[in-house]
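Inside the fold
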Amino acid sequence: MLVRVNEENKQFHLTNGKISYIFHVMKNGHLGHLYYGKALTHREDFSRFQSYNIPTPSSCHPYEDDPAFSLETVRQEFPVYGQTDFREPAISIRQLDGSHISHFQYKTYRILEGKPVLEGLPATFVEKKDEATTLQVILEDTKQKLILTLNYTIFSSGPVITRSSHIINAGEESVYLERMMAGSIDFASCEFEMVQLSGAWSRERHLKERRLVMGIQSISSIRGASSHQHNPFLALKRPTTSEESGEVYGFNFVYSSNFLAQVEVDHYETARVMVGIHPFRFEWKLDTHQSFQSPEVVMVYSENGLNGMSQSFHDFYRNHLIRSVWKTKDRPILINNWEATYFDFNEDKLLEIAKEASQLGIELFVLDDGWFGKRDDDTTSLGDWWENNEKLPYGLEHVAKKIRENGMEFGLWFEPEMISPKSELFLEHPDWAIETPNRHASLGRNQRVLDFTRGEIVTYIYKKMAAIIKKTNLSYVKWDMNRYVTEAYSAALSADQQGEFFHRYILGVYKLYQQLTEEFPNVLFESCAGGGGRFDPGMFYYAPQAWTSDNTDAVERLKIQYGTSLVYPIYSMGSHVSAVPNHQTLRVTSLKTRANTAYFGTFGYELNPLELSDEEKQVVKHQVENYKQYRSLIREGDFYRLLSPFDNNETAWMIVSKDKREALVGWYKVLAAPNPRKQTNLLLKGLNEKADYAIEGKEGTYFGDELMFQGLSLSTEFNGVNKGVSERGGDYQSDVFHLKQV
Ligand code: DGJ
């Protein structure tokens, strides 16, 4: 039994032996929060967890005879503003008379085995009903006849709860939903550090931490995509929490558009966390009998530090978010022609690259941007989804056939949501591009955005893409999105529905993904948004891997992949070996270090293999063989972060198979230092203490306890004099160790 209800006290206890989440109905009928954290022994009555503050002259209270009961001081589940609470609310509704007061009171509850789908939205799921239980608590605002349902799903394995909210207008009047968060929790204390993954194009998801202080601290996006700048994730960790020990509460929003994740610390030093669609420019008109479903937030509790939280997110997403057949299948090692050719290619050039790549053991050829319309640079043709006859005179089918004859699969790049002002599509349908009437329409990368709030536009793009996937028998689609939305407005929406624009836009994107993944279940989709601009769980529901960043530099990737691993399984991160000098940083790193970084993701190449020397080709061949050995481990293993690139000149991480019989360790040193330590031992994690491991390339065997407590000794570094003896030196060193139990 994952949900226990005390009917008399109206208390709800969700627990799976790992976590407990407890709340109750308060005297005013609203829901009060009691506890969230490590599992507690069930008892019939938890009401003593609710603390009422001593009233102060400045606090207001709904009941004349009970000044101690104020919404300002009680912890709540889904707070409203304006009835004595002065913190930001989880829901806000404008009514026809201009008023904003809502009074949602408890009505009833339902318990469902399993987890219902969220119509039109990506969401976590169960395959068998006994994997989760859902508690739906139903509240009503009787004046407006609005029915609010709060959904809580607790999973039988893992310290995970998901939350979402749903509202029906059962009244006679329209209302306007101005804010509808997925969930909100009031923590009794603010003794936390907030962890976030923030950055920019080409340096996405860097780890940032700050101590909570009184006031609001938040991360958000109002760009029409989850964004390069802030990932829809935040965690609260105790100040003493480390990678392996201490409490962490993680929140990840399953959504790819405008979001807000905020923590409000009040004057009593409590912390209110809420996550949901960003209320800025959001307003949803709810006519009579209409409903609105929020996306969901995934909440993970860890008592085993940040790494414990990450492993729970990874397992949870592998089992309950990624739906594709690729969930349990090895992903092909790919070569992508983008950095090899950019727009400058023709059929011969592509086939030469593919032939060489195939000889190196690479399995999938991805034709990136520039294969369609008249596209020779980024100024034209988005929307004209037919082959560029100048470059591919015999058509795409011919290219696909030739590539398959080389023993490789064929994949193609699309940017479905975009339109170039210089395109046939724009000539025919200038009104399909998003713009605000009588306002200048801004460009981004010379392109405009299609109005995906409109069904007919989504259907048009669907037909075009489906036809190409079919005729070329595609194995893979890279779905790119290279600019954010500006001058947001839809000609198809009425004036009082323009606040629905961003959400309707992303629903259009999800619909297209849904149709294509349903019709082509075996095609591997990789999402991309100018690199990692939409790297979120909403996308992973449809596309099991994402292009992590446009930055392919091995050193920069250490930070990007390390940060990303906080939440997302490493098998979700597209990571490729590219040419040097690197195209984003001009840095030169060895082929070895580039692969050693890229192994920890879905592996591929982003270079011209014809430009490699014979010696380099042999190295690549060997790397490809290596990855084929590693990839099921990369897909399923437990990931451990060992040394952080945000604190050190060295980075290290490892992945251990669930049965602990195999592991892969990556170690990287960015800058060489003179006269380094003689011996460097890397302390491993997650191994079986008593198991004896062989390490490829090293003599002897090693017990797990030795490797974890004495450490793995790294190779000898050049120290200024030991030239013939040292095995490594210079900047950007790295080593990968493959361990197998003997
Ligand atoms: C941005 C992507 O991240 C790149 O990998 C490449 O596909 C370009 N767009 C193509 O325009």
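Residues numbered from 1 in each chain as written. Predicted model: local features only at pLDDT ≥ 70, side-chain atom pairs only at ≥ 80, totals over all residues. Heavy atoms only, no water.

**Digging into the overall build of the protein**
Counting its secondary structure elements, the protein contains twelve helices and 38 strands. Relative to the compact-globule value of 27 Å for 742 residues, the protein shows a C-alpha radius of gyration of 27 Å, a close match. In terms of principal-axis extent, the alpha carbons of the protein reach across some 85 × 70 × 45 Å. Counting only residues that meet the buried cut, the protein has 62% of its 742 residues in that class. (Helix = DSSP H or I, 4+ residues; strand = E, 2+ residues; numbered from the N terminus. Rg over C-alpha atoms; globule rule 2.2 N^0.38 Å. Buried < 20%, exposed > 50% of the residue type's maximum accessible area, 1.4 Å probe, protein only.)

**Description of the sheet that holds strand S4 (residues 31-38)**
The antiparallel open sheet is built from four strands, whose spatial order is S1-S2-S3-S4. The open sheet terminates on both sides in strands that have one partner only, identified here as strand S1 (3-6) and S4. The mean angle between the axes of side-by-side strands here comes to 15°, regardless of whether they run parallel or antiparallel. Direction of pairing for strand S3 (residues 19-25) relative to S4: antiparallel, over a ladder of seven bridges. Counted as the bridge partner of His24 is Gly32 from S4. (Pairing = 2+ DSSP bridges. Axes fitted to C-alpha atoms, helices over the stretch in contact; angles between N-to-C directions.)

**Section: the sheet that holds strand S30 (residues 602-606)**
Strands pair in a sheet through their backbones, by hydrogen bonds, and they do so in one of two ways: parallel or antiparallel. Strand order in the closed barrel made by the eight strands is S21-S22-S23-S26-S27-S28-S29-S30, with parallel pairing throughout. Strand-to-strand, the axes of this sheet are offset by a mean angle of 30°, without reference to chain direction. Examined bridge by bridge, strand S22 (residues 364-367) and strand S23 (residues 409-414) share four bridges and lie parallel to one another. Counted as the bridge partner of Phe365 is Phe410 from S23.

**Comments concerning the nonpolar core**
Judged by nonpolar contacts, the single largest core of 187 residues is most densely connected at Ile167, Trp371 and Phe600. Apart from the residues within four sequence positions on either side, Trp371 is in contact with Phe345, Trp385, Trp386, Glu387, Asn388, Leu392, Leu396, Leu412, Trp413, Phe414 and Ile468. (Core = buried A, V, L, I, M, F, W, Y, C linked by side-chain atoms within 4.5 Å. Contact = heavy atoms within 4.5 Å.)

**Quick word on the pattern of salt bridges**
Scanning the entire structure with this criterion turns up 51 salt bridges. Across the pair Glu296 and Lys115 runs a salt bridge, and its minimum N-O distance is 2.8 Å. Residue Glu296 is found in the loop between strand S19 (291-293) and strand S20 (297-302), and its partner Lys115 is found in the loop between strand S6 (105-113) and strand S7 (132-141); the two are separated by 181 residues along the sequence. Its relative accessible area of 13% is what places Lys115 among the buried residues. With a shortest N-O distance of 2.8 Å, Glu500 and Arg504 are connected by a salt bridge. Residue classification places Glu500 among the buried residues on the basis of a relative accessible area of 0%. One continuous salt-bridge network, built from bridges that share partners, spans Asp85, Arg87, Asp186, Asp266 and Arg272. (Salt bridge = Lys/Arg side-chain N within 4 Å of Asp/Glu carboxyl O.)

**Regarding the site of the ligand**
Taken together, 13 residues form the shell around the ligand, and within it Asp368, Asp369, Lys478, Asp480 and Asp550 come nearest. Contact between the ligand and Asp368: an oxygen atom at 2.6 Å from a side-chain N or O atom of the residue. At 2.3 Å from an oxygen atom of the ligand is found a side-chain nitrogen or oxygen belonging to Asp550. Calculation on the ligand without its partners gives an accessible area of 290 Å², and the protein chains cover 98% of this total. (Near = heavy atom within 4 Å. Polar contact = N/O pair within 3.5 Å; in protein donor to acceptor, adjacent residues only side chain to side chain. Areas by Shrake-Rupley, 256 points an atom, 1.4 Å probe, with all protein chains shown as cover.)

**Notes on the pairing of strand S12 (residues 203-211)**
One ladder, built from seven bridges, connects strand S11 (residues 193-200) with S12; its direction is antiparallel. Across the sheet, Val195 pairs through a bridge with Glu209, a residue of S12. Counting the residues between successive antiparallel strands, the hairpin from S11 to S12 contains two residues, one of them, Ser202, with a positive phi of roughly 75°.

**Side note on unusual backbone geometry**
That bond from Val580 to Pro581 is cis: its omega, -10°, falls within 30 degrees of zero. Relative to the assigned elements, Pro581 resides in the loop between strand S29 (573-578) and helix H10 (591-598). Positive phi values are uncommon outside glycine, yet Arg205 reaches one of about 50°. Along the chain, Arg205 turns up in strand S12. The backbone phi angle of Arg445 is positive, close to 45°, even though this residue is not glycine.

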